[in-house]
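Secondary and tertiary structure notes
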Amino acid sequence: MLFRRQSQDGSRWVGVTLAGAIAHAVEVIHTVGERPRVGWLWTGDAQGLAQALRALQREHPIDDARLVVCVGQGSYRLLATEAPDVPRDEWADALRWTLRDQVDFPVDDAIIDVLEVPESTRLRQSSPTLTAVMARTDHAAIELSADDLGLQWAAMELPETALRNLLARQARQDDLASRAFAAIHIDATQSLLEV
């Protein structure tokens, strides 16, 4: 479920995140040939994703939107590793067991995905270098929070990848090869700089 998404053109996406008992949401509208634009921002009290989605649905109908949940800081780990010696589609399962001693939560039910480090940025070129994402978030609870309202999550994000994707969507394609981009996110508990 992490990072799996379809084309973003001609669609509306709604991102939802929890910060304690406060939920935040944003609608982003993607129109073909244009830069994405924010439709609305929303904040409300919620004791979980299901309650947040119900409150959000009362104010902003989200039935036709692609929903993205951004998991909170502290509920996942990013781990650098080498690619396991198995086919690409089996990397996540193989890493579940090889990295289990590097996290402080059970990996049996963890959500695991793999981000491959681009070849041009690797120190050694022999084998793919990966960033494994291990999230202890309860996958079933996340799925049910949307299912109960007849909704479905399109993707799960991390703050790091969400900020990176925002930068990538804002930059024009020809700018990406010739210019550097940076964004900073600061809240009450953390700061994040993405370059």
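My aim in this report is to walk through the structure given alongside it, one point at a time. (Residues numbered from 1 in each chain as written. Predicted model: local features only at pLDDT ≥ 70, side-chain atom pairs only at ≥ 80, totals over all residues. Heavy atoms only, no water.)

1. So, the sheet that holds strand β4 (residues 66–70)
Pairing is mixed in the open sheet, where 5 strands are placed in the order β3-β2-β1-β4-β8. Strands with a single pairing partner mark the edges of an open sheet, and in this sheet they are β3 (37–45) and β8 (153–157). Across the sheet, the mean angle separating the axes of adjacent strands is 20° when strand polarity is ignored. Contacting β1 (11–19), β2 (22–30), β3, β4 and β8, helix α1 (residues 49–59) crosses the sheet at an angle of about 135° to β1. (Pairing = 2+ DSSP bridges. Helix = DSSP H or I, 4+ residues; strand = E, 2+ residues; numbered from the N terminus. Axes fitted to C-alpha atoms, helices over the stretch in contact; angles between N-to-C directions. Contact = heavy atoms within 4.5 Å.)

2. A few points about the nonpolar core
Grouped together as the largest cluster of nonpolar side chains are 27 residues, with contacts concentrated most on V14, V16, L56, I62 and W153. Secondary-structure elements contributing two or more residues to this core are β1, β2, β3, α1, β4, β7 (129–135), α3 (139–147) and β8. No other element matches α1, which puts 5 residues into this core. Beyond its immediate sequence surroundings of up to four residues, V16 is in contact with H24, A25, L49, L53, L56, V68, V69, C70 and W153. A83, V103, A132 and M134 belong to the second-largest nonpolar core, a separate cluster that totals 14 residues. (Core = buried A, V, L, I, M, F, W, Y, C linked by side-chain atoms within 4.5 Å. Buried < 20%, exposed > 50% of the residue type's maximum accessible area, 1.4 Å probe, protein only.)

3. Some points on the sheet that holds strand β6 (residues 111–116)
The antiparallel open sheet is built from 3 strands, whose spatial order is β5-β7-β6. In the strand order of this sheet, the two ends are held by β5 (76–82) and β6, each with one partner. Neighbouring strand axes in the sheet, compared pairwise and without regard to direction, differ in orientation by 25° on average. Against the sheet, helix α2 (residues 91–98) makes contact with β5, β6 and β7, and its axis sits at roughly 110° relative to β6, the strand it touches most.

4. Observations regarding a nonpolar patch on the surface
Where nonpolar side chains cluster on the molecular surface, the patch consists of I184, I186, L193 and V195 and spans about 470 Å² of accessible area. By secondary structure assignment, the location of I184 is in strand β9 (residues 183–186). (Patch = residues over 30% accessible without salt bridge, like charges linked within 9 Å, V, L, I, M, F, W, Y side chains within 5 Å. Areas by Shrake-Rupley, 256 points an atom, 1.4 Å probe, with all protein chains shown as cover. Salt bridge = Lys/Arg side-chain N within 4 Å of Asp/Glu carboxyl O.)

5. A short note on the pattern of salt bridges
Summed over all chains, the structure comprises 3 salt bridges. Residue R12 is joined to E27 by a salt bridge in which the shortest nitrogen-to-oxygen separation is 2.5 Å. Of this pair, R12 sits in strand β1 while E27 sits in strand β2, placing them 15 residues apart in sequence. Of the two residues, R12 and E27, both sit in the buried class. Taken together, the shared-partner salt bridges in this structure form one network comprising R12, E27 and D64.

6. Structural notes on the side chain of S11
Here S11 lies in strand β1. Polar side-chain contacts of S11 include one of 3.1 Å to the side chain of W13. Beyond its immediate sequence surroundings of up to four residues, S11 is in contact with V28, I29, H30 and R66. (Polar contact = N/O pair within 3.5 Å; in protein donor to acceptor, adjacent residues only side chain to side chain.)

7. Quick look at the environment of Q152
Structurally, Q152 is set in the loop between α3 and β8. Between the alpha carbons of Q152 and V68 there is a distance of 9.1 Å; along the sequence they are 84 residues apart. Setting aside residues no more than four positions away along its own chain, Q152 makes contact with L67 and A146.

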